Every structure is written in C-alpha cells, then in structure tokens.
Amino acid sequence: MTKMRSFLGTGINLKMLAAMLLLAFSCSWAQNAAPTPRVIEILADHDSRYKMEGRKQPMITAKAGELITLRITAKKAKNLNRDGSIHGFSLLRAKDRKPVEDWDFLLKPGVQEFTVVAPSEPGEYVVVCTVICSQDHEGMNMRFLVVP
Ligand SMILES: [Cu+2]
C-alpha cells in the first residue's frame, strides 16, 4: 500500500493522465483510419492458367509494402490435392526463386480473398502454382512487379 501511495504521489499528475488519455484516443483513431487494401481480381482457371480481365498476359503491379487484397476465383483443372486444393498461389523472388514470406496460398474451388502486404524490395517476382493441377501445370505462373 505504501508503494502504491508513493507511486500515485510522485508518478502521476493530472497533466500526465490527460496526455495518456489523449495518446490512447489518437491510437484508436489511427486504427480506424487504417488504409483499405486495393483489390486485385485474379482467375486461376481450369486450363492451368492465371488470368486477369482486360489483360492478354496476366500481371500484377504493386508498390513496395502496399496492402492488397487478392480476390481469386479458382476453377478446377484436371487434378487436385488430397486436401481439396485445386491450384496454388505462391510468390517467389524472380532472381533466386526465393519464396516470399506469408505469400503461399492454396486455392479451393470458388472465390477466396487474401489480404497481403507487397514485398518491401522492389523488383521482379513471379507467382507460381503449387498444386500439380494438370499436364500444363508447369506453365501456370504470372509476373508480379514491385515498384518503389
Ligand atoms: Cu495450377
């Protein structure tokens, strides 16, 4: 109890309390104002190809560290994994094929969303399918460009 009293007596005054409340308040406000991710629509199609509307060659361009939501529609090709995944969506750094952390997804039939942060390092990346979805699986990939 004496400890408590001395803490109250010396440590906290009204000005500090007000400052702490203000800080707590502005923090919660900042959280509410968090950026809404940009939505990118992708089709993982039955012919073992990624597709994006309006593009002959599918390609994603994102800013370094940008928050994006991948809205992926997956349609079954020939084969599927035992867990029911029909395609994969995994990001690799192009120059050394190093997997990008937290960018490895398995796709189920239908629409699914993943909210992710783009790599912080600008450069060329590649999206690859990780499910042996058909005899054309090897060609199931797309460019992913990260700009500064
Ligand atoms: Cu595939």
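Our structure is the block above this text.
From a predicted model like this one, the values you see are computed outputs, not experimental measurements.

Undergrad: Looking at this structure, how should I read the pattern of salt bridges?
TA: Pairing between side chains of opposite charge can happen when their charged atoms approach one another. As enumerated under the stated definition, the model contains nine salt bridges in all. Put simply, Asp-45 and Lys-51 hold a salt bridge, and the shortest N to O gap is 2.7 Å. On the basis of relative accessible area, Asp-45 is assigned to the buried category, the value being 6%. The exposure class assigned to Lys-51 is partly exposed, which follows from its relative accessible area of 30%. Residue Lys-51 pairs with Asp-47 through a salt bridge whose shortest N-O separation is 2.9 Å. Looking at Asp-47, the relative accessible area reads 31%, which means it is partly exposed. What emerges from the salt-bridge pattern is a single network uniting Arg-93, Lys-95, Asp-96 and Glu-121.

Undergrad: So what exactly am I meant to see when it comes to the pairing of strand β4 (residues 67-74) here?
TA: Note on strand geometry: in a regular strand, side chains alternate between the two faces of the sheet. In the sheet, strand β1 (residues 38-44) pairs with β4 via seven bridges, with the strands oriented parallel. Along β4, the bridge assignment pairs Arg-38 with Ile-68. In terms of strand pairing, β4 meets strand β7 (residues 110-117) through eight bridges, oriented antiparallel. The residue bridging Thr-73 from the neighbouring strand is Val-111, located in β7.

Cut-offs applied
Residues numbered from 1 in each chain as written. Predicted model: local features only at pLDDT ≥ 70, side-chain atom pairs only at ≥ 80, totals over all residues. Heavy atoms only, no water. Salt bridge = Lys/Arg side-chain N within 4 Å of Asp/Glu carboxyl O. Buried < 20%, exposed > 50% of the residue type's maximum accessible area, 1.4 Å probe, protein only. Pairing = 2+ DSSP bridges. Helix = DSSP H or I, 4+ residues; strand = E, 2+ residues; numbered from the N terminus.

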